[in-house]
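Each chain, letter by letter, is given below.
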Amino acid sequence: MAFFIVGLATFVAMKIYTKDTLNFLSKLTIRRLWNMLKVYCSFYITKWTKKPIQWGMPFTVSIEPTTACNLRCPECPSGLRAFTRPTGNLKADFFKNTMDEIAKDLLWLIFYFQGEPYINPKFLEMVKYAKDKGIYTITSTNGHFLNDENARKTIESGLDRLIISVDGTTQEVYENYRKEGKLEAVLQGARNVVKWKKKLGSSTPHIIFQFLVVRPNEHQIPEVYKLAEEIGIDEVKLKTAQVYDYKHGNELIPTIEKYARYAQQEDGTYVVKNELLNHCWKLWHSCVITWDGMVVPCCFDKDATHRLGDLKATSFRTLWQGEDYQQFRTMLLQGRDKIDICTNCTEGCKVWA
C-alpha cells in the first residue's frame, strides 16, 4: 500500500514541470493522498465492472470567477456572447463556504472555466483564501489586466501557476484569433509579473505562455519560445484548438497534423482523432463549478447544459455522490457518443512542451 501511494504521488508530481515540483509536493497531505487513492481505485474498478463506483472526493476542481470577457475569440461562447445561462461574477462568500467544505481533500484548484478571471474584482482575494488552505492554485488569463498593480497583487496572492494566452508573436497574427486583443498589452503584463516576482523574491507563480495552435499562427511556434525566453517566462505550452464546426474543414484547423485535434478522411470530411471510449477520468477526479454555484461534469459543458446539482441548495459531498451524478456516470459508461458534450472531446487538451 505504501509503495502504491508513493508511486501515485510520483505520477501526479510528474505532471507538474520541474521548477514547480517541490511547490506542488508541499501541498500533499496524508488525507489528500488517501483520497486520491480511493478515486484511482474506484475509477479502475468502474472500468472493469462497467458500474459507476465513486469512493473519493474530486482532487481537482475548476471554479469560474466570471463569464464576462473583454475579447471576442471566435471559438469561445464567452467571446461570442453566446451563452444561454446568466452572466455574472463568483461571490467571495459563496466561494469561501465551498472551499471550507472541500479543501481538505482538494489538491488543485483551477480558477477558470469561461470568461476572464481578472474581471472579477475579488478574484485575487479568493486565490489567497485557497492558498491559505494549502491548495495548489492555477489560473488562465488573456493577459490584458496584468497592469503593474495587478501583477504585484498576483504575486502577493500566492497564486501557484499563471497561464497567459499568447496566440501569436505579432499583432497581425495574434488578432486572427484573439479578436479585439492587443498583443503588446499582454506582453507588458507578462513583463510586469516577471518584474514583481523578482522584486518580491517569490518562487511563484510558475508562468506559462500558452500558444493555441491554429492555422494562422502555426508558423510562429519557434518564435513564441524565443519571446518567452526574452521576457523570462518559465515555460511554453502548445495547445490544440477545439472548433465546433469541423466536419467539412475549418480555417482554424492547423495544416501541421500533430497540432490538430481532427483528422481528414478520404472523402474530405474531418473527424475527431481520438477514439471515443466509454469511460472518462474527469468524471471521477474533477468537476466544474460555475460562478452561480452549478456543478457540471467538465470543461466541455461550456453552457452548463448538464447540471448535476446546485451548491447553493445542496452540500458538495451529497451532490458528488448523488443520484444525478451517478446517472450521468452510468450514461457515460453506456455510450459517450450519446452525450453531446463528449462528441468533440479529447479527454483533456493535448499539449506539447
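Source: prediction; values computed, not measured. (Residues numbered from 1 in each chain as written. Predicted model: local features only at pLDDT ≥ 70, side-chain atom pairs only at ≥ 80, totals over all residues. Heavy atoms only, no water.)

**Focus on the environment of Asn 217**
Looking at the secondary structure, you find Asn 217 in the loop between β5 (206–213) and α9 (221–231). Linking Asn 217 and Thr 169, residues 48 residues apart in sequence, is a C-alpha distance of 8.3 Å. Every residue in contact with Asn 217, bar those within four places of it in the chain, is listed here: Asp 167, Val 173, Phe 211 and Leu 212. At 2.8 Å, the side chain of Asn 217 and the backbone oxygen of Leu 212 are in polar contact. (Helix = DSSP H or I, 4+ residues; strand = E, 2+ residues; numbered from the N terminus. Contact = heavy atoms within 4.5 Å. Polar contact = N/O pair within 3.5 Å; in protein donor to acceptor, adjacent residues only side chain to side chain.)

**Topic: the confidence of the model for the chain**
For the chain, per-residue confidence averages 88 on the pLDDT scale, and 90% of positions sit at 70 or higher. Scored below 50 in pLDDT, residues 348–353 shows 18 contacts in the model against residues more than four places distant or in partner chains. (pLDDT = per-residue confidence, 0-100.)

**Brief notes about the packing of aromatic side chains**
Scanning the model with the defined rule gives 15 aromatic pairs in all. A ring pair is formed by Trp 108 and Tyr 136, whose centres lie 5.5 Å apart and whose planes are at 70°; its orientation type is edge-to-face. Of this pair, Trp 108 sits in strand β2 (residues 108–111) while Tyr 136 sits in strand β3 (residues 136–141), and the two are 28 residues apart along the sequence. Neither residue differs from the other here; Trp 108 and Tyr 136 are each classed as buried. Summarising the aromatic geometry, the rings of Trp 320 and Tyr 325 are spaced 4.9 Å apart at their centres and angled 65° between planes, so their arrangement reads as edge-to-face. We classify Trp 320 as buried; its relative accessible area is 0%. Here a set of aromatic residues connected by ring pairs shows up, and it is made of Tyr 40, Phe 43, Tyr 44, Phe 59, Trp 281 and Trp 284. The ring of Phe 300 carries Lys 302 above its face, with NZ or CZ at 5.1 Å from the centroid. One Lys or Arg, Arg 329, reaches over the ring of Trp 320 and ends 4.7 Å from the middle of that ring. (Phe/Tyr/Trp six-rings, centres within 6.5 Å; stacked < 30°, edge-to-face > 60°. Buried < 20%, exposed > 50% of the residue type's maximum accessible area, 1.4 Å probe, protein only. Lys NZ or Arg CZ within 6 Å of the ring centre and 35° of its normal.)

**A word on the packing of helix α4 (residues 92–102) against helix α5 (residues 123–132)**
Two elements in contact, α4 and α5, have axes separated by 10 Å at closest approach and are oriented at 15°. Considered as vectors, α4 and α5 are oriented roughly parallel to each other. Like other packed secondary-structure pairs, α4 and α5 cross with a definite hand, here right-handed. In contact with Ala 92, Phe 95, Lys 96, Met 99 and Asp 100 of α4, α5 contributes Glu 125, Met 126, Tyr 129 and Ala 130. Of the residues belonging to the contact of α4 with α5, the class tally is six nonpolar, no polar and three charged. (Axes fitted to C-alpha atoms, helices over the stretch in contact; angles between N-to-C directions. Parallel < 35°, antiparallel > 145°, perpendicular 65-115°, else oblique. Left-handed = near helix turned anticlockwise from the far one by under 90°. Nonpolar A, V, L, I, M, F, W, Y, C, P; charged D, E, K, R; others polar.)

**Some thoughts on the side chain of Asn 142**
Relative to the elements of secondary structure, Asn 142 occurs in the loop between β3 and α6 (148–157). Residue classification places Asn 142 among the buried residues on the basis of a relative accessible area of 4%. There is a polar contact of 3.0 Å between the side chain of Asn 142 and the side chain of His 144.

**So, helix α8 (residues 183–199)**
Given 3.6 residues per turn, any residue in an α-helix points the same way as the ones three and four places further on. For α8, with 17 residues, the first-to-last C-alpha span of 24 Å sits near the 24 Å given by 1.5 Å per residue. The set of residues buried in α8 consists of Leu 183, Val 186, Leu 187, Gly 189, Ala 190, Asn 192, Val 193, Val 194, Trp 196 and Lys 197. Buried positions along α8 lie against α6, β4 (161–165), α7 (171–177), β5 and α9. Looking one or two residues beyond α8, the residue adopting positive phi is Gly 201, at roughly 60°. (Expected span 1.5 Å × (residues − 1).)

**What to know about the pairing of β3**
For β3, a buried count of six out of six residues is recorded, marking the element as mostly surrounded by other parts of the structure. Of the two faces of β3, the one carrying Tyr 136, Ile 138 and Ser 140 and the one carrying Thr 137, Thr 139 and Thr 141 are both buried. Judged from the four bridges that link them, β2 and β3 form a sheet pairing that is parallel. Following the sheet pairing, Trp 108 is matched in β3 by Tyr 136. Following the chain from β2 across α5 to the adjacent parallel β3, one finds a crossover that is right-handed. Crossover connection from β3 via α6 to parallel β4: handedness right-handed. (Pairing = 2+ DSSP bridges. Right-handed = clockwise from strand over helix to strand, strands pointing away.)

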